[in-house]
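Listed below are the residues making up each chain.
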Amino acid sequence: MARVALVTGGSRGIGEAISKKLKADGYAVAATYAGNDEAAAKFTKETGIKTYKWNVANYEDSAAGIAQVEADLGPIDVVVANAGITRDAPFHKMTPEQWHQVIDTNLTGVFNTVHPVWPGMRERKFGRIIVISSINGQKGQFAQVNYAATKAGDLGIVKSLAQEGARAGITANAVCPGYIATEMVMAVPEKVRDSIISQIPAGRLGEPEEIARCVAFLASDDAGFVNGSTISANGAQFFA
Ligand code: CAA
């Protein structure tokens, strides 16, 4: 029977590429989204991948959504905690609201996504947790105190989960994308984006599919002894 994979934020951006790759690799995929009904409907129509709408920042909504996915597709074997937002501002202008929105979605959202599936994975003695962190969690970033804090926090989560899950056949790993050609990066002012690209030795933005292939490896049986690690895919922009 096909393994079941849950991809949060799985209908757009990097998440979309991950959902499609996992489906192509034979997984039964469920993709979540937070608000953009139109993009989700288009995604389902094009890919045949079912989407589920819930806010990862809310524990009850996440637990209920995950229960629905498991009722539809079966127990979740692979979790890709990908959903994330930016609320960039220089620190002196960052509001408590911008801080909390990003923490609630990008960091607490990982807890809310993994915690409900964890007991089942422990029972079944198999699981793959893959968290999409960021180069900016590794190096920090001007105007991203909130975002960088969450992405660094993601690395603490996977290193801890790796130790807790190892004897139960569960691995937890992170992927740290560099700057990838998605709406999130395209939202950065053009001048700033050009200056970012000039700092990438590869001389280009990454493609979402390049991150999806890292995720597919971490999800596979081949990666069973890879646990608590980070794959940096950033065109040589930064070495952690
Ligand atoms: N390093 C140093 N200085 C910087 C800077 C940087 N990276 N970016 C901007 N500045 C400076 C500007 O030159 C400007 O300086 P001056 O006032 O001396 O001219 C100042 O900071 C900008 O100050 P403002 O008050 O005008 O800033 P603002 O309130 O308008 O905010 C901004 C602008 C939000 C910082 C905008 O420049 C921005 O979005 N920057 C990009 C931040 C970024 O890289 N985000 C990553 C998004 S992609 C992502 O997150 C995905 C991933 O995981 C990689």
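Residues numbered from 1 in each chain as written. Predicted model: local features only at pLDDT ≥ 70, side-chain atom pairs only at ≥ 80, totals over all residues. Heavy atoms only, no water.

**Student:** Looking at this structure, how should I read the overall build of the protein?
**Tutor:** Counting secondary structure elements, the protein contains ten helices and seven strands. Taking 2.2 N^0.38 as the reference for a compact globule, 240 residues should give roughly 18 Å; the C-alpha atoms of the protein span a radius of gyration of 17 Å, in line with that estimate. If one aligns the C-alpha atoms of the protein with their principal axes, the spans along those axes are about 50 × 40 × 35 Å. Per-residue burial for the protein yields a buried fraction of 48% across its 240 residues. (Helix = DSSP H or I, 4+ residues; strand = E, 2+ residues; numbered from the N terminus. Rg over C-alpha atoms; globule rule 2.2 N^0.38 Å. Buried < 20%, exposed > 50% of the residue type's maximum accessible area, 1.4 Å probe, protein only.)

**Student:** Even after reading the chapter, I still don't get the side chain of Ser-220, so can you show me in this structure?
**Tutor:** On the secondary structure map, Ser-220 appears in the loop between helix 10 (208–219) and strand 7 (230–233). We classify Ser-220 as buried; its relative accessible area is 16%. Looking at Ser-220, its side chain comes within polar contact range of the main-chain oxygen of Phe-217, at 2.7 Å. In contact with Ser-220, other than residues within four places in its own chain, are Tyr-27 and Arg-128. (Polar contact = N/O pair within 3.5 Å; in protein donor to acceptor, adjacent residues only side chain to side chain. Contact = heavy atoms within 4.5 Å.)

**Student:** I'm lost on the nonpolar core in this one. Help?
**Tutor:** Side chains that are nonpolar tend, in soluble globular proteins, to be buried together. Of all hydrophobic cores here, the largest spans 27 residues; its most connected members are Leu-6, Trp-54, Val-69, Ile-76, Val-79, Val-114 and Ile-129. Elements represented by at least two residues in this core include exactly strand 1 (4–7), helix 3 (59–73), strand 4 (78–81), helix 4 (96–114), helix 5 (118–124), strand 5 (127–132), helix 7 (145–165) and strand 6 (170–177). When sequence neighbours within four positions are dropped, the list of residues in contact with Trp-54 reads Leu-6, Thr-32, Tyr-33, Ala-34, Asp-61, Ser-62, Gly-65, Ile-66 and Val-69. Counting 25 residues, the second-largest nonpolar core is a separate cluster that includes Ile-130, Ile-132, Ala-212 and Cys-214. (Core = buried A, V, L, I, M, F, W, Y, C linked by side-chain atoms within 4.5 Å.)

**Student:** Would you mind going over the packing of helix 1 (residues 13–24) against helix 10 with me for this structure?
**Tutor:** Two quantities define a packed helix pair, namely the angle between the axes and the distance from one axis to the other. Between helix 1 and helix 10, the shortest axis-to-axis distance is 8 Å and the interhelical angle comes to 50 degrees. When the interaxial angle is binned, helix 1 and helix 10 end up oblique. Between helix 1 and helix 10 lies a crossing whose hand is right-handed. On helix 10, the residues that touch Gly-13, Ile-14, Ala-17, Ile-18, Lys-21 and Leu-22 of helix 1 are Pro-208, Glu-209, Ile-211, Ala-212, Arg-213, Val-215, Ala-216 and Ala-219. Each residue belonging to the contact of helix 1 with helix 10 can be placed in one class, and the counts come to ten nonpolar, one polar and three charged. (Axes fitted to C-alpha atoms, helices over the stretch in contact; angles between N-to-C directions. Parallel < 35°, antiparallel > 145°, perpendicular 65-115°, else oblique. Left-handed = near helix turned anticlockwise from the far one by under 90°. Nonpolar A, V, L, I, M, F, W, Y, C, P; charged D, E, K, R; others polar.)

**Student:** When you look at the pairing of strand 4 in this model, what are you seeing that I'm missing?
**Tutor:** Every second residue of strand 4 is oriented toward a common face, with Val-78 and Val-80 on one face and Val-79 and Ala-81 on the other, all of them buried. Strand direction decides the pairing type here: strand 1 and strand 4, joined by three bridges, are parallel. Each bridged residue has a counterpart across the sheet, and for Ala-5 the counterpart in strand 4 is Val-78. Looking at chain direction, strand 4 and strand 5 are connected through four bridges and run parallel. Of the residues in strand 5, the one forming a bridge with Val-78 is Arg-128. (Pairing = 2+ DSSP bridges.)

**Student:** How do you make sense of the pattern of salt bridges when you look at a structure like this?
**Tutor:** Two side chains bearing opposite charge may form a pair once their charged atoms approach each other closely. If you walk through the whole model with that rule in mind, you get nine salt bridges. For Lys-42, the salt bridge goes to Glu-46, with nearest N and O atoms at 3.4 Å. Of the two residues, Lys-42 and Glu-46 both sit in helix 2 (residues 37–47), four residues apart, roughly one turn of that helix. Here Lys-42 matches Glu-46 in class, with each residue exposed. (Salt bridge = Lys/Arg side-chain N within 4 Å of Asp/Glu carboxyl O.)

**Student:** Got a minute to help me understand the environment of Ala-148 in this structure?
**Tutor:** Structurally, Ala-148 can be placed in helix 7. When the C-alpha positions of Ala-148 and Gly-206 are compared, they lie 19 Å apart, and in sequence the two are 58 residues distant. Contacts of Ala-148, omitting those with residues within four sequence positions, involve Asn-136, Gly-137, Gly-140 and Gln-141.

**Student:** Which parts of the structure should I look at to understand the sheet that holds strand 6?
**Tutor:** Each strand in a sheet pairs with its neighbour through backbone hydrogen bonds, running either in the same direction (parallel) or in the opposite one (antiparallel). Taken in spatial order, the seven strands line up as 3-2-1-4-5-6-7 in an open sheet, and their pairing is parallel. Because the sheet does not close on itself, it has two edges, and the strands there are strand 3 (50–53) and strand 7. For this sheet the average axis-to-axis angle between neighbouring strands, irrespective of direction, equals 20 degrees. On top of the sheet, helix 2 reaches strand 2 (28–33) and strand 3; it is set at about 160 degrees to strand 3, its chief contact.

**Student:** Help me understand the side chain of Thr-51, please; the structure alone is not making it clear to me.
**Tutor:** Mapped onto the fold, Thr-51 is located in strand 3. By relative accessible area, Thr-51 is classed as buried at 19%. At a separation of 3.4 Å, a polar atom in the side chain of Thr-51 contacts the side chain of Thr-44. For Thr-51, the residues in contact, after removing those within four places along its chain, are Ser-11, Ala-31, Tyr-33, Ala-40, Phe-43 and Thr-44.

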